[in-house]
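Listed below are the residues making up each chain.
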Amino acid sequence: MTITIDKTVALSTTALSCTYDTGGTPIHALRSVDLTIRRGSFTAIMGPSGSGKTTLMHCAAGLQKPTSGSVHLGDSEVTALDEKSLARLRRVAIGFVFQSFNLLPALTVIENVELPVRLEGIRPDRAATERLLARVGLGERTSHRPPQLSGGQQQRVAIARALIAEPAVVFADEPTGALDLRSAREVLTLLRELADAGQTIIMVTHDPAAAAYSDEVLFLADGRIVDRLPDPTSRDVAVRMSALLDQAERANATGVAL
Ligand SMILES: Nc1ncnc2c1ncn2[C@@H]1O[C@H](COP(=O)(O)OP(=O)(O)OP(=O)(O)O)[C@@H](O)[C@H]1O
Ligand SMILES: [Mg+2]
(Lines give C-alpha, C1' and ligand atoms only; values in the text may rest on other atoms or scores of the structure.)
(Ligands and ions follow the chains in the order given, each with its own letter.)
Protein backbone atom coordinates (compact mmCIF):
# COMPACT_ATOMS: atom_id res chain seq x y z
CA MET A 1 0.00 0.00 0.00
CA THR A 2 1.37 3.43 -0.82
CA ILE A 3 0.63 6.24 1.55
CA THR A 4 0.21 9.54 -0.24
CA ILE A 5 0.82 12.64 1.79
CA ASP A 6 -1.51 15.49 1.05
CA LYS A 7 0.76 18.54 0.71
CA THR A 8 -2.16 20.88 1.30
CA VAL A 9 -2.56 19.57 4.86
CA ALA A 10 -0.32 21.20 7.48
CA LEU A 11 -1.53 19.25 10.49
CA SER A 12 -3.96 16.47 11.23
CA THR A 13 -5.09 14.55 14.28
CA THR A 14 -6.77 11.16 14.26
CA ALA A 15 -8.82 9.92 17.22
CA LEU A 16 -6.71 12.13 19.50
CA SER A 17 -7.58 11.50 23.14
CA CYS A 18 -6.03 12.79 26.33
CA THR A 19 -7.08 11.66 29.78
CA TYR A 20 -5.59 13.09 32.96
CA ASP A 21 -5.43 10.56 35.75
CA THR A 22 -4.83 12.42 38.96
CA GLY A 23 -5.94 9.73 41.37
CA GLY A 24 -9.66 10.60 41.53
CA THR A 25 -12.08 10.42 38.60
CA PRO A 26 -10.09 10.54 35.31
CA ILE A 27 -10.56 13.78 33.36
CA HIS A 28 -11.21 13.27 29.65
CA ALA A 29 -9.69 16.48 28.29
CA LEU A 30 -9.81 15.30 24.64
CA ARG A 31 -12.18 12.65 23.33
CA SER A 32 -11.22 11.24 19.95
CA VAL A 33 -10.56 14.49 18.10
CA ASP A 34 -10.25 14.24 14.29
CA LEU A 35 -8.94 17.41 12.78
CA THR A 36 -7.40 18.59 9.51
CA ILE A 37 -5.73 21.97 9.23
CA ARG A 38 -5.00 23.30 5.74
CA ARG A 39 -1.57 24.76 4.96
CA GLY A 40 -1.63 28.55 5.00
CA SER A 41 -4.89 28.73 6.94
CA PHE A 42 -5.67 30.66 10.11
CA THR A 43 -7.77 28.58 12.51
CA ALA A 44 -9.26 29.81 15.78
CA ILE A 45 -10.11 27.35 18.54
CA MET A 46 -12.80 28.39 20.99
CA GLY A 47 -14.76 26.73 23.76
CA PRO A 48 -15.69 27.07 27.41
CA SER A 49 -12.93 27.04 30.03
CA GLY A 50 -11.80 23.46 30.60
CA SER A 51 -13.08 22.25 27.20
CA GLY A 52 -9.59 21.05 26.18
CA LYS A 53 -8.23 23.88 24.02
CA THR A 54 -4.78 24.08 25.61
CA THR A 55 -4.51 20.30 25.80
CA LEU A 56 -5.31 20.08 22.07
CA MET A 57 -2.67 22.70 21.20
CA HIS A 58 -0.04 21.05 23.40
CA CYS A 59 -0.70 17.56 21.99
CA ALA A 60 -0.74 18.90 18.41
CA ALA A 61 2.53 20.79 18.97
CA GLY A 62 4.27 17.78 20.52
CA LEU A 63 4.59 19.51 23.91
CA GLN A 64 2.49 16.82 25.54
CA LYS A 65 1.90 13.11 24.82
CA PRO A 66 -1.74 12.19 24.17
CA THR A 67 -3.20 9.08 25.79
CA SER A 68 -4.12 7.66 22.37
CA GLY A 69 -4.55 8.69 18.75
CA SER A 70 -2.08 10.34 16.41
CA VAL A 71 -0.86 13.72 15.21
CA HIS A 72 0.73 14.30 11.80
CA LEU A 73 2.62 17.47 11.03
CA GLY A 74 3.51 17.60 7.34
CA ASP A 75 4.99 14.15 6.70
CA SER A 76 6.08 13.54 10.31
CA GLU A 77 4.00 11.51 12.72
CA VAL A 78 4.54 13.60 15.84
CA THR A 79 3.10 10.94 18.13
CA ALA A 80 5.54 8.28 16.87
CA LEU A 81 8.76 10.25 17.41
CA ASP A 82 11.27 9.58 20.18
CA GLU A 83 12.15 12.44 22.55
CA LYS A 84 15.20 13.55 20.55
CA SER A 85 13.42 13.69 17.18
CA LEU A 86 10.46 15.36 18.82
CA ALA A 87 12.64 18.07 20.35
CA ARG A 88 14.18 18.68 16.93
CA LEU A 89 10.76 18.82 15.22
CA ARG A 90 9.59 21.34 17.82
CA ARG A 91 12.63 23.52 17.16
CA VAL A 92 12.43 23.52 13.37
CA ALA A 93 8.79 22.97 12.45
CA ILE A 94 6.72 24.47 15.25
CA GLY A 95 6.42 27.97 16.65
CA PHE A 96 4.60 28.57 19.92
CA VAL A 97 3.31 31.95 21.16
CA PHE A 98 2.15 32.21 24.78
CA GLN A 99 -0.35 34.60 26.36
CA SER A 100 2.37 35.89 28.69
CA PHE A 101 4.98 36.53 25.92
CA ASN A 102 7.77 34.68 27.88
CA LEU A 103 10.48 37.14 26.78
CA LEU A 104 13.72 37.58 28.71
CA PRO A 105 13.69 41.16 30.10
CA ALA A 106 17.48 41.54 30.23
CA LEU A 107 17.96 40.74 26.53
CA THR A 108 17.29 43.18 23.70
CA VAL A 109 14.53 42.57 21.16
CA ILE A 110 16.94 41.14 18.61
CA GLU A 111 18.66 38.93 21.21
CA ASN A 112 15.29 37.55 22.35
CA VAL A 113 14.33 36.69 18.76
CA GLU A 114 17.70 35.05 18.06
CA LEU A 115 17.74 33.03 21.27
CA PRO A 116 16.23 29.79 19.88
CA VAL A 117 18.83 29.80 17.06
CA ARG A 118 21.70 30.40 19.52
CA LEU A 119 20.42 27.58 21.73
CA GLU A 120 20.80 25.34 18.66
CA GLY A 121 24.47 26.34 18.58
CA ILE A 122 23.99 28.20 15.30
CA ARG A 123 25.28 31.72 14.68
CA PRO A 124 22.19 33.77 13.82
CA ASP A 125 21.95 35.59 10.50
CA ARG A 126 21.63 39.16 11.85
CA ALA A 127 20.36 40.62 8.56
CA ALA A 128 17.63 37.94 8.38
CA THR A 129 16.56 38.66 11.98
CA GLU A 130 16.39 42.37 11.18
CA ARG A 131 14.23 41.62 8.13
CA LEU A 132 11.94 39.50 10.31
CA LEU A 133 11.64 42.28 12.90
CA ALA A 134 10.86 44.77 10.15
CA ARG A 135 8.17 42.39 8.92
CA VAL A 136 6.46 42.35 12.34
CA GLY A 137 6.71 46.15 12.46
CA LEU A 138 9.58 46.40 14.95
CA GLY A 139 12.41 47.44 12.67
CA GLU A 140 13.01 50.54 14.80
CA ARG A 141 12.97 48.71 18.12
CA THR A 142 15.65 46.03 17.73
CA SER A 143 17.89 47.26 20.57
CA HIS A 144 15.09 47.99 23.05
CA ARG A 145 14.45 45.63 25.96
CA PRO A 146 10.98 44.10 26.55
CA PRO A 147 10.10 46.32 29.57
CA GLN A 148 10.51 49.37 27.27
CA LEU A 149 7.81 48.08 24.87
CA SER A 150 4.02 48.05 24.87
CA GLY A 151 2.20 44.73 25.33
CA GLY A 152 1.42 44.53 21.62
CA GLN A 153 5.04 45.18 20.71
CA GLN A 154 6.22 42.52 23.19
CA GLN A 155 3.82 40.00 21.71
CA ARG A 156 5.10 40.86 18.22
CA VAL A 157 8.64 40.13 19.46
CA ALA A 158 7.37 36.77 20.75
CA ILE A 159 5.79 36.09 17.34
CA ALA A 160 9.06 36.99 15.58
CA ARG A 161 10.87 34.57 17.92
CA ALA A 162 8.33 31.85 17.06
CA LEU A 163 8.97 32.53 13.34
CA ILE A 164 12.78 32.58 13.41
CA ALA A 165 13.14 28.92 12.39
CA GLU A 166 10.47 29.37 9.67
CA PRO A 167 8.16 26.79 11.23
CA ALA A 168 5.42 25.08 9.25
CA VAL A 169 2.85 25.78 11.94
CA VAL A 170 2.57 28.56 14.50
CA PHE A 171 0.45 27.86 17.59
CA ALA A 172 -0.75 30.75 19.72
CA ASP A 173 -2.58 30.14 23.02
CA GLU A 174 -4.63 33.26 23.78
CA PRO A 175 -1.99 35.57 22.28
CA THR A 176 -4.19 38.63 22.84
CA GLY A 177 -5.44 37.59 26.30
CA ALA A 178 -3.12 40.03 28.09
CA LEU A 179 -3.42 42.90 25.59
CA ASP A 180 -5.51 46.05 25.31
CA LEU A 181 -7.76 46.46 22.27
CA ARG A 182 -5.29 48.36 20.12
CA SER A 183 -2.37 46.02 20.85
CA ALA A 184 -4.63 43.01 20.25
CA ARG A 185 -5.58 44.40 16.87
CA GLU A 186 -1.89 44.82 15.92
CA VAL A 187 -1.15 41.21 16.84
CA LEU A 188 -4.22 39.81 15.05
CA THR A 189 -3.46 41.82 11.92
CA LEU A 190 0.05 40.37 11.95
CA LEU A 191 -1.22 36.79 12.37
CA ARG A 192 -3.66 37.38 9.48
CA GLU A 193 -0.84 38.70 7.28
CA LEU A 194 1.34 35.70 8.11
CA ALA A 195 -1.44 33.30 7.11
CA ASP A 196 -2.04 35.25 3.90
CA ALA A 197 1.67 34.85 3.15
CA GLY A 198 1.41 31.05 3.55
CA GLN A 199 2.14 30.35 7.22
CA THR A 200 -0.29 28.06 9.07
CA ILE A 201 -1.68 29.67 12.22
CA ILE A 202 -3.66 27.95 14.98
CA MET A 203 -4.88 30.25 17.73
CA VAL A 204 -6.87 29.67 20.91
CA THR A 205 -8.99 32.65 21.92
CA HIS A 206 -11.95 33.55 24.11
CA ASP A 207 -12.64 36.70 22.10
CA PRO A 208 -15.17 36.56 19.20
CA ALA A 209 -13.59 39.69 17.68
CA ALA A 210 -10.20 37.93 17.61
CA ALA A 211 -11.74 34.76 16.14
CA ALA A 212 -13.20 36.87 13.32
CA TYR A 213 -9.66 37.34 11.93
CA SER A 214 -9.46 33.58 11.25
CA ASP A 215 -10.57 31.54 8.24
CA GLU A 216 -12.44 29.07 10.41
CA VAL A 217 -13.43 28.68 14.05
CA LEU A 218 -13.46 25.25 15.68
CA PHE A 219 -15.64 25.01 18.78
CA LEU A 220 -14.62 22.58 21.50
CA ALA A 221 -16.87 21.40 24.31
CA ASP A 222 -15.99 18.74 26.85
CA GLY A 223 -13.05 17.47 24.78
CA ARG A 224 -14.87 17.22 21.44
CA ILE A 225 -15.11 19.40 18.36
CA VAL A 226 -18.81 20.22 18.39
CA ASP A 227 -19.01 22.80 15.62
CA ARG A 228 -17.05 24.68 12.95
CA LEU A 229 -17.71 28.10 11.51
CA PRO A 230 -15.98 29.08 8.24
CA ASP A 231 -15.51 32.77 7.36
CA PRO A 232 -16.62 33.82 10.84
CA THR A 233 -18.01 37.19 11.83
CA SER A 234 -17.61 38.21 15.47
CA ARG A 235 -21.40 38.32 15.81
CA ASP A 236 -21.89 34.72 14.61
CA VAL A 237 -19.03 33.55 16.84
CA ALA A 238 -20.50 35.35 19.87
CA VAL A 239 -23.92 33.76 19.30
CA ARG A 240 -22.41 30.26 18.94
CA MET A 241 -20.16 30.71 22.00
CA SER A 242 -22.98 31.97 24.14
CA ALA A 243 -25.07 28.87 23.28
CA LEU A 244 -22.09 26.63 24.13
CA LEU A 245 -21.53 28.38 27.46
CA ASP A 246 -25.22 27.92 28.35
CA GLN A 247 -24.97 24.24 27.44
CA ALA A 248 -21.79 23.83 29.51
CA GLU A 249 -23.48 25.52 32.50
CA ARG A 250 -26.52 23.26 32.22
CA ALA A 251 -24.27 20.19 31.96
CA ASN A 252 -22.35 21.33 35.07
CA ALA A 253 -25.58 21.90 36.97
CA THR A 254 -26.95 18.43 36.13
CA GLY A 255 -23.60 16.60 36.05
CA VAL A 256 -24.40 15.31 32.55
CA ALA A 257 -21.64 15.29 29.93
CA LEU A 258 -22.33 17.28 26.75
N1 LIG B 1 -2.04 18.72 34.06
C2 LIG B 1 -3.33 18.45 34.29
N3 LIG B 1 -3.70 17.54 35.21
C4 LIG B 1 -4.99 17.26 35.43
N5 LIG B 1 -6.01 17.82 34.76
C6 LIG B 1 -5.72 18.73 33.84
C7 LIG B 1 -4.36 19.11 33.54
N8 LIG B 1 -4.37 20.04 32.55
C9 LIG B 1 -5.66 20.25 32.25
N10 LIG B 1 -6.48 19.46 33.01
C11 LIG B 1 -7.95 19.39 32.94
O12 LIG B 1 -8.29 19.02 31.61
C13 LIG B 1 -9.43 19.75 31.14
C14 LIG B 1 -9.02 20.56 29.89
O15 LIG B 1 -8.06 21.55 30.28
P16 LIG B 1 -7.45 22.61 29.26
O17 LIG B 1 -6.43 23.37 30.00
O18 LIG B 1 -7.04 21.90 28.02
O19 LIG B 1 -8.75 23.52 28.97
P20 LIG B 1 -8.87 24.92 28.20
O21 LIG B 1 -10.00 24.76 27.25
O22 LIG B 1 -7.56 25.34 27.68
O23 LIG B 1 -9.35 25.89 29.39
P24 LIG B 1 -9.06 27.48 29.60
O25 LIG B 1 -9.99 28.19 28.66
O26 LIG B 1 -9.46 27.70 31.04
O27 LIG B 1 -7.61 27.75 29.33
C28 LIG B 1 -9.86 20.60 32.32
O29 LIG B 1 -10.89 19.91 33.01
C30 LIG B 1 -8.62 20.72 33.18
O31 LIG B 1 -8.95 20.89 34.53
MG1 LIG C 1 -6.29 26.99 28.07
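The model shown is predicted, which means the values in this text are computed figures rather than measured ones. (Residues numbered from 1 in each chain as written. Chains lettered and ligands numbered in written order. Predicted model: local features only at pLDDT ≥ 70, side-chain atom pairs only at ≥ 80, totals over all residues. Heavy atoms only, no water.)

### Details of the overall build of the chain
Now for step 1: The helix and strand tally for the chain stands at eight helices and ten strands.
Now for step 2: Here the C-alpha atoms of the chain give a radius of gyration of 19 Å, agreeing with the 18 Å that 2.2 N^0.38 yields for 258 residues.
Now for step 3: In terms of overall dimensions, the chain has a C-alpha envelope of 55 × 45 × 40 Å along the principal axes.
Now for step 4: Counted over contacts in the chain with a minimum sequence separation of 6, partners at least 24 positions apart contribute 67%. (Helix = DSSP H or I, 4+ residues; strand = E, 2+ residues; numbered from the N terminus. Rg over C-alpha atoms; globule rule 2.2 N^0.38 Å. Contact = heavy atoms within 4.5 Å.)

### Looking at the sheet that holds strand S5 (residues 76–77)
Now for step 1: Taken in spatial order, the four strands make up an open sheet running S2-S1-S4-S5, and their pairing is antiparallel. The outermost strands of the open sheet, each flanked by one partner alone, are strand S2 (27–38) and S5.
Now for step 2: Relative to S2, strand S1 (residues 9–20) runs antiparallel, the two sharing eight bridges. Considered in S2, the bridge of Tyr20 is made with Ile27. (Pairing = 2+ DSSP bridges.)

### What to know about the nonpolar core
Now for step 1: In terms of nonpolar packing, the biggest core is built from 42 residues, with Leu133, Ile159, Leu191 and Met203 touching the most fellow members.
Now for step 2: Considering every element that reaches this core, the biggest residue donor is helix H6 (residues 181–196), with seven residues.
Now for step 3: Those residues in contact with Leu133 that lie beyond four places of it in its chain are Val109, Ile110, Val113, Leu138, Gly139, Thr142 and Ala160.
Now for step 4: Counting 28 residues, the second-largest nonpolar core is a separate cluster that includes Cys18, Leu35, Leu73 and Leu86. (Core = buried A, V, L, I, M, F, W, Y, C linked by side-chain atoms within 4.5 Å. Buried < 20%, exposed > 50% of the residue type's maximum accessible area, 1.4 Å probe, protein only.)

### Concerning the site of ligand 1
Now for step 1: Looking at ligand 1, there are 14 residues lining it, with Ser49, Gly50, Lys53, Thr54 and Thr55 nearest.
Now for step 2: In this structure, an oxygen atom belonging to ligand 1 sits 2.8 Å away from a main-chain N or O atom of Gly50.
Now for step 3: Gly52 places a main-chain nitrogen or oxygen 3.1 Å from an oxygen atom of ligand 1.
Now for step 4: For ligand 1, the accessible surface in isolation is 640 Å², of which the surrounding protein chains cover 63%.
Now for step 5: Those elements giving two or more residues to the shell around ligand 1 turn out to be S2 and helix H1 (53–60).
Now for step 6: At three residues, H1 tops the list of elements feeding residues into the shell around ligand 1.
Now for step 7: When the residues that make up the shell around ligand 1 are grouped by side-chain class, the tally is four nonpolar, eight polar and two charged. (Near = heavy atom within 4 Å. Polar contact = N/O pair within 3.5 Å; in protein donor to acceptor, adjacent residues only side chain to side chain. Areas by Shrake-Rupley, 256 points an atom, 1.4 Å probe, with all protein chains shown as cover. Nonpolar A, V, L, I, M, F, W, Y, C, P; charged D, E, K, R; others polar.)

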